[in-house]
Amino acid sequence: MSQVRVSQVISITIKILAVGLILAVSFLPFVFVIINSFKTAQSFIFTDLDTEWTAKNYTLLFSNFDIFKYITNTLIIIAIVVLITMILSYFCAYCLYHTKKRFRNICFALFVFVSFIPMPLIYIPLYQFFATLRLIDTFVPLITMYTAAALPFAILYYSFAFNKIPPNVIRSAKTEGCNSFQIVMKIFFPATKNITFLIVTLIILMCLKDFFVAFVFAPSDSNRTIMVAITFILKQWSTTNYPFMFAVLATLFIPIIAIFLLIQKKIFAGTQSLYTEQ
Amino acid sequence: MKRFKINRNYILPAISIVFLTMIFVIPFFTTLTKSFISTQGDSTVIGFENYRRLFSHAFFSQMTCNTIILATAVPITIFISLWIVYYFSNNRNLLHLVRVVSLIPYILPIIVYGFLVSYVFGYKGSANNLMQWLNFEPREWLANHAATMTIIISIIIWASFGQGIFIFSIAIQNLNKRYIQLAEVDGCSRMQIFFKIIVPNIGKYILFFSISLFLWCITGAFPLIQILTNGGPGYMSTTLDYYTYIKAFLSNSDYGVACASAVVQLLIILCFFATVITIRVIGKKYHVAS
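A quick note: this is a predicted structure, and the numbers were derived from the prediction, not measured.

**Q** Talk me through the overall build of chain B; I want residue IDs and the actual numbers.
**A** Looking only at helices and strands, one finds 14 helices and zero strands in chain B. The helix and strand sequence of chain B, counted from the amino end, reads α-α-α-α-α-α-α-α-α-α-α-α-α-α. Expressed as lengths along the three principal axes of its C-alpha atoms, the size of chain B is roughly 90 × 75 × 40 Å. When each of the 290 residues of chain B is scored for burial, the buried share is 52%. Taking the intrachain contacts of chain B between residues at least 6 apart in sequence as the baseline, contacts between residues at least 24 apart amount to 68%.

Rendered as structure tokens:
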């Protein structure tokens, strides 16, 4: 009897330790960054001095660099990509739902193949192509490539979601006299709300996280996205002033983590409805 | 004469297929052909000259090794995330907590890790503070080849184990609970259940995750290397995808050699695909769980 208890206590302890370890790996570095971003460079390096807490690093970032311009650039790109992709993929998936199965399967195979082509294999010809059109250093190549990267998985996800709608519902709606527009608005749209949310989140995340495409195709100062701009800023400053670097990183990741924690329930609901096999 | 009528359901899919072909498929084949064409002035077919130039680079074997070494992150990540999911699988709330928390490293942009680690392993960073506290000499971590590779691999694991937990938790939820219960009744240990029931039954999820992670390791380490070492010292920590960028856009650029090095990456990826498919086929033929 007592042995059972001892082993239970051990297993619970291990479980708590494991959760603690995961929490530490995921949170501690960022907590460390946030705390140290309020120190001055001197008090951070010479730990025997009295630490003085200051928000100078943040004011330095927002006064010396045009950070809002970069944020606006990123938001413009994200907005256009999301708009184009959502409209195109939604109606494309709706059309595919009504086509022959053979054509549909060929399309899906192409989408999967396309989404596995890695970036180094395509960017050199694309760079030359956009260079001949004089479109390098504008938003056009970024928007085109992000849309192309987002389109396959958006269509695939929507197709999966549409296939889960029972065909009897659609058939009975038709007998009741719905036209196809009403079917889209009243059956397909409500049934795929979670998926839409998930896809929008994934597209925003993809555009936000991307470094390479923005770095290669829009490097000049007025067109930089936030990631590239921060990289350029920190490459010059971080070797001397670590707390400033932490402040920049904190301004970058605090909004992302906060928004993620706010919407995580909806994301998981979306994946649940997408992947659960009946 | 009957008028040819297009079914309007085929218009939008056709448009998106043409668009994707323009952005992905045509450049893909252009890269393949460009690696056989001279791009210095005249564009003549020069056979394997670009490849000869690439292979005769003094650090070519070093770069290829670096690229392949990064792929060791794949099995480690899969094992860690699968084990965590299995460990928490009988407690739903805890599993959800772990899933949410471990996704945070995944959603953050990769440059955050780059700069964070460049501080930690810099000369005045935490790692050297620890070394001094333990009475060792401080050292330049990022000038050391083995240390740099280990650091980049651990960043990849750190940034992607959350995605693994996410995918595998869905996989284990879809798994029929009866299998595990039956195995428990028959007296399997947790280890045996893990290796003989869980792993074989969620094979397709593991396959998907390992392929996407492998592609990322081979072709996506660019931002990390750009931030941490710039490929240095010399070409010590350059991978093939970073070399492709160097050859395409930096000093004495040569698109031919850049395309050739991109094709070498493609060959590495194809080798991996061939291995995976062989394992699957052999496993099915002899009814071995794979």
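**Q** Give me the lowdown on the overall build of chain A, citing residues and values where you can.
**A** The helix and strand inventory of chain A stands at 13 helices and zero strands. The helix and strand sequence of chain A, counted from the amino end, reads α-α-α-α-α-α-α-α-α-α-α-α-α. Judged by the C-alpha coordinates and their principal axes, chain A covers about 80 × 80 × 35 Å. In chain A, which comprises 278 residues, the proportion classed as buried is 47%. At a minimum sequence separation of 6, the contacts of chain A that also span at least 24 residues come to 77%.

**Q** Account for the environment of Leu142 of chain A, with residues named and values stated.
**A** Here Leu142 of chain A lies in helix α7 (residues 140-164). Separated by 61 residues in the primary sequence, Leu142 of chain A and Val81 of chain A place their C-alpha atoms 9.1 Å from one another.

**Q** Lay out helix α10 (residues 190-201) of chain B with the relevant residues and their values.
**A** All names here are of chain B. With twelve residues, α10 should cover 16 Å at 1.5 Å per step; its first-to-last C-alpha distance of 15 Å lies within 8% of that length. Within the sequence span of α10, burial applies to Ile193, Phe194, Ile197 and Ile198. The arc enclosing the buried residues of α10, seen along the axis, measures out at 130°, which places them on a common side. Packed against the buried residues of α10 are α4 (73-87), α8 (145-174) and α9 (177-185).

**Q** Which residues make up the interface of chain B and chain A, and what are the values?
**A** Opposite the 72 residues of chain B that make contact, chain A presents 76 residues. The largest contributions to the chain B side of the interface with chain A come from Phe24, Phe115 and Tyr119 of chain B, which together make up 10% of the buried area. Here chain B is connected to chain A by zero salt bridges. Residue composition of the side of chain B that touches chain A, grouped by class: 52 nonpolar, 14 polar and six charged.

**Q** Would you mind going over the packing of α4 of chain B against α10 of chain B in detail, with residue names and values included?
**A** Helix packing geometry: the angle between the two helix axes and the distance between the axes. Residues and elements named next belong to chain B. Interaxial distance between α4 and α10 falls to 12 Å at its minimum, and their mutual angle equals 110°. When the axis of α4 is compared with that of α10, the two are roughly perpendicular. In terms of crossing hand, the pair formed by α4 and α10 is right-handed. When α4 is examined against α10, the residues Phe79, Leu82, Trp83, Tyr86 and Tyr87 are found in contact with a partner set consisting of Arg190, Met191, Ile193, Phe194, Phe195, Ile198 and Val199.

**Q** How would you summarise the packing of aromatic side chains if you had to cite specific residues and measurements?
**A** Going through the model one piece at a time under the given rule, you end up with 57 aromatic pairs over all chains. Ring geometry for Trp83 of chain B against Phe194 of chain B: centres 4.8 Å apart, planes inclined by 85°, an arrangement best described as edge-to-face. Within this pair, whereas Trp83 of chain B is found in helix α4, its partner Phe194 of chain B is found in helix α10, the two being separated by 111 residues in sequence. Relative accessible area serves as the criterion here: at 1%, Phe194 of chain B is assigned to the buried category. When the ring of Phe168 of chain B is compared with that of Phe209 of chain B, the centres are 5.5 Å apart and the planes differ by 85°; the resulting orientation is edge-to-face. Of this pair, Phe168 of chain B sits in helix α8 while Phe209 of chain B sits in helix α11 (residues 203-219), and the two are 41 residues apart along the sequence. Here Phe168 of chain B and Phe209 of chain B have matching classes, each one buried. One cation-aromatic arrangement involves Lys15 of chain A over Tyr87 of chain B; the distance from NZ or CZ to the ring centre is 5.8 Å.

**Q** Now, about the pattern of salt bridges: what can you tell me, with residues and values included?
**A** Counted according to the given criterion, the structure contains five salt bridges over all chains. The salt bridge involving Asp221 of chain A is made with Arg224 of chain A; its shortest N-O contact spans 3.3 Å. Between Asp254 of chain B and Arg53 of chain B there is a salt bridge whose closest N-O contact spans 2.6 Å. Here Asp254 of chain B is found in the loop between α13 (240-249) and α14 (255-285), whereas its partner Arg53 of chain B is found in helix α2 (residues 49-55), with 201 residues between them in sequence. A residue is classified by how much of its surface remains accessible, and Asp254 of chain B, at 3% relative accessible area, is buried. Within the structure, one salt-bridge network assembled from shared partners comprises Glu49, Arg52, Arg53 and Asp254 of chain B.

**Q** Quick rundown of the confidence of the model for chain A? Include the residues and the values.
**A** Averaged over all residues, the pLDDT of chain A is 86; the fraction at 70 or higher stands at 96%. For chain A, helix α2 (residues 41-45) of chain A is the element with the lowest average pLDDT, namely 73, and helix α4 (residues 67-97) of chain A is the one with the highest, namely 92.

**Q** Describe the confidence of the model for chain B, naming the residues involved and giving the relevant values.
**A** Of all residues in chain B, 96% attain a pLDDT of 70 or more, and the chain-wide mean is 85. Scoring the predicted complex yields pTM 0.88 and, for the interface, ipTM 0.87.

**Q** Describe unusual backbone geometry, with residues and values.
**A** A positive phi angle, close to 55°, is found at Arg134 of chain A, a residue other than glycine. Relative to the elements of secondary structure, Arg134 of chain A occurs in the loop between α6 (123-132) and α7. Positive phi outside glycine occurs at Asn135 of chain B, with the angle close to 65°. Its location among the elements puts Asn135 of chain B in the loop between α7 (126-133) and α8. Residue Asn135 of chain B is classed as exposed on the basis of its relative accessible area, which comes to 70%.

Rules used in this analysis
- Residues numbered from 1 in each chain as written.
- Chains lettered and ligands numbered in written order.
- Predicted model: local features only at pLDDT ≥ 70, side-chain atom pairs only at ≥ 80, totals over all residues.
- Heavy atoms only, no water.
- Helix = DSSP H or I, 4+ residues; strand = E, 2+ residues; numbered from the N terminus.
- Buried < 20%, exposed > 50% of the residue type's maximum accessible area, 1.4 Å probe, protein only.
- Contact = heavy atoms within 4.5 Å.
- Expected span 1.5 Å × (residues − 1).
- Arc of directions from axis to C-beta.
- Buried area = accessible area lost by both parts, 1.4 Å probe.
- Salt bridge = Lys/Arg side-chain N within 4 Å of Asp/Glu carboxyl O.
- Nonpolar A, V, L, I, M, F, W, Y, C, P; charged D, E, K, R; others polar.
- Axes fitted to C-alpha atoms, helices over the stretch in contact; angles between N-to-C directions.
- Parallel < 35°, antiparallel > 145°, perpendicular 65-115°, else oblique.
- Left-handed = near helix turned anticlockwise from the far one by under 90°.
- Phe/Tyr/Trp six-rings, centres within 6.5 Å; stacked < 30°, edge-to-face > 60°.
- Lys NZ or Arg CZ within 6 Å of the ring centre and 35° of its normal.
- pLDDT = per-residue confidence, 0-100.

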